[in-house]
Each structure stands twice: as C-alpha cells, then as structure tokens.
Amino acid sequence: MTEHLDHVARIQQAWARERPDLDVRPQGVIGRLHRLAGHLGEQLRVVYRRYGLGEGEFDVLATLRRAGEPFERAPGELAAFTMVTTGAMTKRIDRLEREGLVTRRPSATDGRGRVVALTLAGRELIDQAFAEHMRNERRLLDLLPPDDADQLERLLATWLAAFETPHPAENTGSET
C-alpha cells in the first residue's frame, strides 16, 4: 500500500534521511501552520477582492467600524492597530479616501493632528464585507469537527500568549 504524504511530511522525510542527527518533528507543526496560513489567507482575500479591497484596506475599514460611533481614529492609531508603518497606512488611507470610503479632517483635540473617519459608503461596504468575511471564516473552520476547532482555538491562544502580552478586552486590533 502506498502511503500518501502531505508536502510537509515529504520534506520531513527527506531531512530525516539527509540529517538523521536532527529532530525534524517541529516542522510537522510549524511547517503545516505556515502552509495553512497561506491557504487560509488566499481564501480570505477572495472575499476582500469581491468588495474591491485589499487585505490592508479591509483591515483599515474594519478597525474604523469596530471603533464605534463616530467610527474614526487618528492615522497613528490605525497604523498601531493594524501593525503597519505610518507610510503604509498613509497609502491605504489615500486609496480609501479616493474611493469615498473614508474622509480625513483636522482633529478637534490636537491642532496639528488629523482624524480618519468612515463615510456612510465606507460603513455600508465594511458591514457587507465583514458579514461575508465571517461566513467565509465559518466555512473554513467548519472543515474541522467542532470539538477539534474548539481545542485548536485553545491551543493557539495558549501558544500565542507566549509571544504577545494579553490586553484587557478592548475595541481594537487587527482582523486576521
């Protein structure tokens, strides 16, 4: 009987043959997570493209929407919440502003500062796109049995906590 190996298992098998002195088992988890992230990312971008958005623009609109009324943030806050440079954020905001999805105005509290706010068109777009995004994520997660999905969430949360400092519940952060 022929054994069917996934891509990572084939790589592990080759390394085990070439470097039997090394423990290649970590590749089983890390390699699969890396490959899975690529597959999942592509499946998520399908929805963003349907709405004429890139992943970055989706993230900006979602961050503004999640902020609650009046759906606005300073550009520096947006950059921090989405973990990109201020230069990259400026490009995203420029594009979204050209599309009529956000506006920029002077800050009421900081004479030199600016505020980025969702327009009505931006809010309607992100509300539709986010609803479809959640249906898409549900479809992807439903590829696992519910108990496995719950266990995976717990394991990933534990592992992620080793890299990130948990914060109290707040209305910020990145979508993906």
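Preceding block: the structure.
The structure reproduced in this document is the subject of the present report.

## Some thoughts on the pattern of salt bridges
Logical step 1: Per the stated rule, a full pass over the model turns up 16 salt bridges.
Logical step 2: The shortest N-O distance in the salt bridge between R65 and D127 comes to 2.7 Å. Taken together, the positions of R65 in helix α3 (residues 55–66) and D127 in helix α6 (residues 120–141) put the pair 62 residues apart, joining distant regions of the chain.
Logical step 3: With a closest N to O distance of 2.7 Å, R105 and E72 form a salt bridge. You can see R105 sitting in strand β2 (residues 102–106) and its partner E72 sitting in strand β1 (residues 72–73), a full 33 residues away along the chain.
Logical step 4: Among the residues examined, R105 registers a relative accessible area of 31% and is labelled partly exposed.
Logical step 5: Since its relative accessible area comes to 23%, E72 is described here as partly exposed.

## Re unusual backbone geometry
Logical step 1: The linkage connecting E69 with the following residue, P70, adopts the cis geometry, with an omega of 5°.
Logical step 2: Relative to the helices and strands, P70 is located in the loop between α3 and β1.
Logical step 3: For F71, which is not glycine, the phi torsion reads 60° and is therefore positive.
Logical step 4: On the secondary structure map, F71 appears in the loop between α3 and β1.

## Side note on the sheet that holds β1
Logical step 1: Spatially, β1-β3-β2 is the arrangement adopted by the 3 strands of the open sheet, whose pairing is antiparallel. Each edge of the sheet is formed by a strand with only one pairing partner; in this case those strands are β1 and β2.
Logical step 2: Relative to strand β3 (residues 114–118), β1 is paired through 2 bridges, and the arrangement is antiparallel. Along β3, the bridge assignment pairs R73 with V116.

## Observations regarding the nonpolar core
Logical step 1: One finds L53, L61 and V102 to be the most contacted residues of the largest nonpolar core, which totals 24 residues.
Logical step 2: Those elements that provide at least two residues to this core are α2 (26–50), α3, α4 (75–82), α5 (86–98), β3 and α6.

## Regarding α5
Logical step 1: Compared with the 18 Å implied by 1.5 Å per residue over 13 residues, the 18 Å span of α5 between its first and last C-alpha is a close match.
Logical step 2: Residues of α5 that are buried: M89, R92, I93 and L96. Each buried residue of α5 sits inside an arc of 100° when the element is viewed along its axis, so together they form one side. Structural note: α5 exposes K91 and R98 on the side pointing more than 90 degrees away from its buried face.
Logical step 3: Just downstream of α5 lies G100, where phi reads positive at about 75°.

Conventions used here
Residues numbered from 1 in each chain as written. Predicted model: local features only at pLDDT ≥ 70, side-chain atom pairs only at ≥ 80, totals over all residues. Heavy atoms only, no water. Salt bridge = Lys/Arg side-chain N within 4 Å of Asp/Glu carboxyl O. Helix = DSSP H or I, 4+ residues; strand = E, 2+ residues; numbered from the N terminus. Buried < 20%, exposed > 50% of the residue type's maximum accessible area, 1.4 Å probe, protein only. Pairing = 2+ DSSP bridges. Core = buried A, V, L, I, M, F, W, Y, C linked by side-chain atoms within 4.5 Å. Expected span 1.5 Å × (residues − 1). Arc of directions from axis to C-beta.

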